[in-house]
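Each chain, letter by letter, is given below.
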Amino acid sequence: MFTLESSLTAALASQPPRGTVYGTLLNFRDALEALGDAVDRAPYRAPPKAPILYIKPRNTIASHEDPIVVPSGIDELEIGVSLGLVIGRAACRLRESDALAFLAGYVVVNDVSVPHDSYYRPSLRFKCRDGFCPIGTPVPRDAVADPNALTLRVEIDGIEVQCSSVTGLVRPVQRLLAEVSDFMTLHPGDVLMVGVPGNAPRACPGQRVSVSIAGVGRISNALVAEGAAA
Amino acid sequence: MRRARVAYGGAIHEALEHAQGVRLADGRVVAEEAVVWLPPLEVGTVVALGLNYADHVKELSKELTVSSRDEPLAFLKGPGALIGHRSQTRRPADASFMHYECELAVVIGSRARKVKRASAMDHVAGYAVANDYAIRDYLENYYRPNLRVKNRDTCTVLGPWLVDAADVPDPHALALRTLVNGQITQQGNTRDMINDIPALIEYLTDFMTLNAGDVILTGTPDGVVNVQVGDEVVTEIEGIGRLVNTIVGDAEFGRT
C-alpha cells in the first residue's frame, strides 16, 4: 500500500538515485566572491539573480570506490564536495517554512569537473563525463538536525585540503528549495546539490580523493589516467 | 511505425497511429481528443542544442558573445519539464518575451560511447517533434541558457509520436514549421543544421555515454516570436508529426 512513509523510504533506498541530479552554481559565498568584480563585466554583466542550476546526467553517476577517469590531455580535475538534498515527495512551489518536509534525506556528492574559467556557457565536456559524479548512500532526513550547519571536507591522499561550512550559503537549504521549486518541480529520487565551496581542490591521476560530511557520509575514489588499465 | 503513450480509461497505454485516432495495445481504437497524450517515451538524459541553425544564429546575433563554430552549444534539461501533445504550457504574467522552438528530437536506441560519424546513425531509434519554449526574461549569463529558462515545468512539449528511424529515410531533409493560431510564423528545414545528427552524436559520445532513451533536441531555425495566453501553437515536422500546444496563464495554475 502506498503511504507517504513508503514513498520517502523508496527515494532513500534507491542507489544510485533514481531521479535527476541537479547542481547549484555559486551558492557558496566564497565561490561567488572569488568572481569579484568580474560579475559586472562581460560576459556576465550582472551578479546572478535567481538560482543557477546545472545537471549531472545519468552517465556521470558513480559510487564509492569507482575510479574517476582523467581524460587524456587533462592534468588534474576539480573535486567539488557538495551536500545533496534527496527529494522524497513531489516538491513544487514550496514554502521555506516546511520545505524540509519534502526531503527524504541527505547524501554526500563529489561533483567532479575539468577545471574551467568561465561560467557563461561551459561546455558539457567539463562536468558531464562518465563517472564524474560519485555519490554516497543517503541518510534519512532525521539523521541531520540542521542541514545549514554541516561541515564539508575534501581529502587528497588522506590529507585534508578543504574544510567548508554550509553556513556560507548564499541561499540556505530551505530558501534554495523554495526558489527552485517555483519554476521546476523536483520529483522523488531527484537530488539537488546545494553548491560547491569556492577554491575547489584539484587532484591528479594516481591520487585518491575523499569527500565527506560528518553525519551524512564519506566516499573515496581513485583518479586514473584515461587509457590506464582499470 | 508511429508509437505514442497515452492515458485512457484510468491507465497508461502504448498506442499506435490509427485512421480514427490511436489504437491501444489492448485493441481499443480511441479518438485523438479522447486520450491524454504523454511524451512518447520516458526519457533519460535530454541534451539540447542552442544555435544549431545558421539563420537562427543570425536572428539572435545581437545578444551573442560566442560563436557556435568552435564547438556545438549543448546544454541539458531534466525530464520534469516534458509534457505531451495537446497539453497546456504556462506563460508567467511577468514574462515579456516567451517563444516556442520547433525542433527535431532524436531518440537514442542503444548505448553509444566514442561513436564515429560513420556509424552514428546506427544508434538512433527514432524521431519526434519537440517544442522547446524559452522565456528570455529569465536569461542570465551564467550557464546560459540557465534552467530557469529551459527546464521549467510544462515548457518542453514532446510528441505526438516516436517515429521509427527506419521510417525516416533522410532526417536531414525535413521541413519544419510553426503555426500560431493558424498563421505560419517559423519555417525551416533540417538540412540547415550547423551540426547534423551524426556530428552531434560523435561530438557528445566522445566524452559522455549516451544510452537508450536519451534524447537530443537538435535546435531551431529562424522565426521565433512572442506567444500570448490563449494562443494555439502547432509545431510540425514533415513525416514526423504535428504537435499541438496551448498557452495558458498563471490563473490556471492557481497563481495570482
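Residues numbered from 1 in each chain as written. Chains lettered and ligands numbered in written order. Predicted model: local features only at pLDDT ≥ 70, side-chain atom pairs only at ≥ 80, totals over all residues.

## Some details on helix α4 (residues 197-205) of chain B
Residue and element names in this part refer to chain B.
Right, on to step 1. Of the residues making up α4, those classed as buried are I197, L200, I201, L204 and T205. Taken end-on, α4 shows its buried residues confined to a sector of 110°, consistent with a single buried face.
Right, on to step 2. Summarising the contacts, the buried residues of α4 are in contact with β6 (46-50), β7 (73-77), β11 (102-108), α2 (117-120), β12 (124-132) and β17 (215-217). (Buried ≥ 20, exposed ≤ 12 C-beta atoms within 10 Å, placed from the backbone. Helix = DSSP H or I, 4+ residues; strand = E, 2+ residues; numbered from the N terminus. Arc of directions from axis to C-beta. Contact = placed C-beta atoms within 7 Å.)

## Let's talk about the domain arrangement of chain B
How big an interface is tends to be stated in terms of the accessible area lost upon association of its parts.
Residues and elements named next belong to chain B.
Right, on to step 1. One can read the domain layout of chain B as domain 1 (1-37) and domain 2 (39-253).
Right, on to step 2. Placing the centre of domain 1 and that of domain 2 at their C-alpha centroids yields a distance of 24 Å.
Right, on to step 3. The interface of domain 1 with domain 2 comprises 7 residues on the first partner and 12 residues on the second.
Right, on to step 4. With 4 residues, strand β1 (residues 2-8) is the largest single contributor of residues to the side of domain 1 that touches domain 2.
Right, on to step 5. Within the side of domain 1 that touches domain 2, the residues separate by chemical class into 3 nonpolar, no polar and 4 charged. (Domains from an automatic or database assignment. Nonpolar A, V, L, I, M, F, W, Y, C, P; charged D, E, K, R; others polar.)

## Brief notes about the sheet that holds strand β18 (residues 232-237) of chain B
Residues and elements named next belong to chain B.
Right, on to step 1. Pairing within the open sheet is mixed, and its 5 strands lie in the order β9-β19-β18-β15-β16. Lying at the two open borders of the sheet, with one neighbouring strand each, are β9 (87-90) and β16 (183-189). Ignoring strand direction, the axes of neighbouring strands in this sheet form an average angle of 25°.
Right, on to step 2. In this sheet, strand β19 (residues 241-248) lies alongside β18 in antiparallel orientation, the contact comprising 6 bridges. Across the sheet, residue I237 finds its bridge partner in β19, namely G241. (Pairing = 2+ DSSP bridges. Axes fitted to C-alpha atoms, helices over the stretch in contact; angles between N-to-C directions.)

## A word on the sheet that holds strand β13 (residues 208-213) of chain A
All names here are of chain A.
Right, on to step 1. Taken in spatial order, the 5 strands make up an open sheet running β4-β14-β13-β9-β10, and their pairing is mixed. Among the strands making up the open sheet, the edge pair consists of β4 (68-70) and β10 (159-165). Ignoring strand direction, the axes of neighbouring strands in this sheet form an average angle of 20°.
Right, on to step 2. Pairing analysis gives 6 bridges linking strand β9 (residues 151-156) to β10, with the strands arranged antiparallel. If you follow L152 over to β10, its bridge partner there is S164.

## With respect to the pairing of strand β3 (residues 21-24) of chain B
Residues and elements named next belong to chain B.
Right, on to step 1. Relative to β3, strand β2 (residues 11-18) runs antiparallel, the two sharing 4 bridges. Each residue of the ladder has a partner; that of E17, found in β3, is V22.
Right, on to step 2. Where β2 hands over to β3, the hairpin turn is made up of 2 residues, counted between the paired strands.
Right, on to step 3. Alignment of β3 against strand β4 (residues 29-30), held across 2 bridges, turns out to be antiparallel.

## Some remarks on the interface of chain B and chain A
Right, on to step 1. On the side of chain A, 30 residues touch chain B, which itself brings 27 residues to the contact.
Right, on to step 2. Sorting elements by how many residues they give to the side of chain B that touches chain A places β7(B) first, with 3 residues.
Right, on to step 3. Its residues placed into classes, the side of chain B that touches chain A shows 12 nonpolar, 9 polar and 6 charged.

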